[in-house]
Amino acid sequence: MNMTLTTPATAAAERDMANAIRVLAMDAVQKANSGHPGMPMGMADAVTVLFNRFVKIDPSRPDWPDRDRFVLSAGHGSMLLYAVHHLLGFADMTAAALRDFRQLGAPTAGHPEYGHALGIETTTGPLGQGITTAVGMALAERMMAARFGHKLVDHFTYVVAGDGCLQEGISHEAIDLAGHLKLSRLIVLWDDNGISIDGKTSLATSMNQPMRFRAAGWDVHAVDGHDHEAVAAAIAKARTTGKPSLIACRTVIGKGAPNKQGSHKTHGAPLGADEVAAARLHLGWTAAPFEVPDAVRTAWEAVAARGRAERKLWQQRHDAARLRKAFDRALARDLPSLMKRRLERFRRTHQAAATKTATRQASQMVLDVINEATPLTTGGSADLTGSNLTQTKNLAPVAPGRFKGRYIHYGIREHAMAAVMNGLSLHGGFIPYGGTFLVFSDYARGAMRLSALMEQPVVYVLTHDSIGLGEDGPTHQPVEHLAMLRATPNMNVFRPADIIETAECWEIALCETATPSVLALSRQGLPMLRARHTRENLSARGAYVLQESERARDVTIIATGSEVEIARDASSRLLAEHGIHAAVVSMPSWEKFEQQDEAYQASVLGTAPRIGVEAAARLGWDRWLGQGGHFIGMPGFGASAPASDLYRHFGITADAVIAAARRMTGAAT
């Protein structure tokens, strides 16, 4: 472990380095007439010490795998991050970019956005997401080090969190999990300024945060956040402990603004021209707005130079490492070609056997194949392993001090699970998937949205996807959740109808590089519906004709998941009992179907009247049903009863489809 500390700047120069952050932050917010100057000004000292003496980072190679990760969990203070990156010399963080803070098209968005600017490790702003995503990054570091050794993987994850981050419920999930796993490479600097938007934090909380972290198994230090040596000593100690660390930095919000510092008025509004001028005078800062004295810039550039030297040494270690090819493949998410071949063989076998099983069980069977074929997949569940069926025989659990495993017991922490998976994905080296019930996507929603926003190909295994779960009742029966997830941009929602579609949807999800996937899976057993084996992955089209009518269609029945069986049965009976020719369309993914050309969509949907069948809310279905289309689904919440009784009670049956088809074709008169 490389624990060498260097201090490129003298104490006086370090103070000027911190003041550069303060001035750039207040100038950018003032010019934009929008933003949050208080936190950057208050944490400037602690962050300067962190970067000047500890962080290894090379702005010329922002994606260097063994860099330290820095996460600004209190993302509203984004100018802190932008100022540091400007001073370090990131190519895109120019003075012009700072002048365009919060303007359309600028890399300096109001909150740090992953992918919008170099070196931003994760999107932050929704409070609590950053610290929890950082837990995933710190876990990934430990897991990668266990696989490839400390010569290739030896870095820290640093977080700046505010009072808001620690008040959000997700923070409790995060610190509990991190403490349990003893993620010693995770160091959180808490901006302990006692101020929130409404005023003093005492308005709403009396929490003893250091005691809370200690109870969760963290090492805790409390320092004056403006005392550089005290901050440095605390960070140095935190780097040697066997636990994650909290450093409570008592700070003054808006530090340096002589008339407003310490007030909530500096939190989310420009200081004003007069106060900016007074702050310059107070700090002894004579440079013009967005200009940095040469001596200060040189001091910051020395931090970048140190990181560049560290990166070159790492590159030498990498080039000589025995496991370098496997390491590089992991970071590239290089899926072996044999995986697709084995999945195609799996589909052929189960089509021939007409395997009937719940799609959650089918998912586990598919995962047996996938997890055997690639070491990239890392599974988990929010305390529902036996229900989600996300663990396979070759996935050992991750545990404190044992990080070679590939299965994470997230505990009853759905929100943290999703954010931690984002961190695993962002760090690199893993394709994370995690399970809970579909209804509890409500609890994971904030982080799932960020998966889509950050284009992270995380896989969400969401079982018990309808009233088909039965007796647990309406609290556990998802109704509106498919609509909510489908409404989320850049998220694939798959609801497979049988074991074949389940295998196809898993293959699609794993091959995505910039889109998260949801697999909505049934509790109840479902028959295999595919009439013949095809080498083509039909689910990749989003929808396809499962059963065509013998002549021109009188009606088209479109269904997803467990209701495709109902559609097929209705189609057969319509022909046999009423002479009505109905085609059956299975639509496992609306998103993938949207991506098809108009000719293919038209060939699938046809011109006949359409009936949609899904044990969920109608919202969104009319786009596929067209004018005069009929929907058979849930009119409201569910109830507690056996699944078969519930389907009859809510009228989601073949009889209901037949009645609708007869009305639509005039056969009922």
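Scroll up to find the structure.
My aim in this report is to walk through the structure given alongside it, one point at a time. (Residues numbered from 1 in each chain as written. Predicted model: local features only at pLDDT ≥ 70, side-chain atom pairs only at ≥ 80, totals over all residues. Heavy atoms only, no water.)

1. Observations concerning the packing of helix 5 (residues 129–148) against helix 7 (residues 169–181)
It is at 8 Å that the axes of helix 5 and helix 7 come closest, and there the two elements cross at 20°. Our classification of the angle between helix 5 and helix 7 gives roughly parallel. Between helix 5 and helix 7 lies a crossing whose hand is left-handed. In this structure, helix 5 contributes Q129, I131, T132, V135 and L139 to the contact, and helix 7 contributes I170, A174, I175, A178 and L181. Of the residues contributing to the contact of helix 5 with helix 7, the split by class is 8 nonpolar, 2 polar and no charged. (Axes fitted to C-alpha atoms, helices over the stretch in contact; angles between N-to-C directions. Helix = DSSP H or I, 4+ residues; strand = E, 2+ residues; numbered from the N terminus. Parallel < 35°, antiparallel > 145°, perpendicular 65-115°, else oblique. Left-handed = near helix turned anticlockwise from the far one by under 90°. Contact = heavy atoms within 4.5 Å. Nonpolar A, V, L, I, M, F, W, Y, C, P; charged D, E, K, R; others polar.)

2. Quick look at the environment of G429
By the element assignment, G429 lies in the loop between helix 16 (414–427) and strand 11 (431–437). Sequence-wise, G429 and A332 are 97 residues apart; in three dimensions their C-alpha atoms are separated by 7.4 Å.

3. Re the sheet that holds strand 11
An order of 10-9-11-12-14-13 is seen for the 6 strands of this open sheet, with the pairing classed as parallel. Because the sheet does not close on itself, it has two edges, and the strands there are strand 10 (407–409) and strand 13 (492–494). Across the sheet, the mean angle separating the axes of adjacent strands is 20° when strand polarity is ignored. Here 5 bridges tie strand 11 to strand 12 (residues 459–463), and the two strands are oriented parallel to one another. Bridged to T436 within strand 12 is L462. Across the sheet, helix 17 (residues 441–453) is in contact with strand 11, strand 12 and strand 14 (517–520); its angle to strand 12 comes to roughly 160°. (Pairing = 2+ DSSP bridges.)

4. Here we look at the pattern of salt bridges
Scanning all chains against the criterion turns up 32 salt bridges. R53 serves as the salt-bridge partner of E14, at 2.8 Å between the closest nitrogen and oxygen. Of this pair, E14 sits in helix 1 (residues 11–32) while R53 sits in helix 2 (residues 38–53), and the two are 39 residues apart along the sequence. Like R53, E14 is buried. A salt bridge links R308 to D58, with the shortest nitrogen-to-oxygen separation between them at 4.0 Å. Of this pair, R308 sits in helix 11 (residues 294–320) while D58 sits in the loop between helix 2 and strand 1 (69–72), and the two are 250 residues apart along the sequence. Residue D58 is classed as buried on the basis of its relative accessible area of 1%. (Salt bridge = Lys/Arg side-chain N within 4 Å of Asp/Glu carboxyl O. Buried < 20%, exposed > 50% of the residue type's maximum accessible area, 1.4 Å probe, protein only.)

5. Section: the environment of A238
In this structure, A238 sits in helix 9 (residues 228–238). Residue classification places A238 among the buried positions, given a relative accessible area of 0%. It is 8.4 Å that separates the C-alpha atoms of A238 and V220, two residues lying 18 residues apart in sequence. Filtering out sequence-adjacent residues up to four positions away, A238 remains in contact with S184, I187, H221, S245 and I247.

6. Notes on unusual backbone geometry
Note: most peptide bonds trans; most residues except glycine with negative phi. Although it is not a glycine, L389 sits at a positive phi angle of roughly 60°. Tracing the backbone through its elements, the reader meets L389 in the loop between helix 15 (385–388) and strand 10. Unlike most non-glycine residues, H464 shows phi in positive territory, near 55°. Secondary-structure assignment places H464 in the loop between strand 12 and helix 18 (481–486). Judged by its relative accessible area of 5%, H464 is buried.

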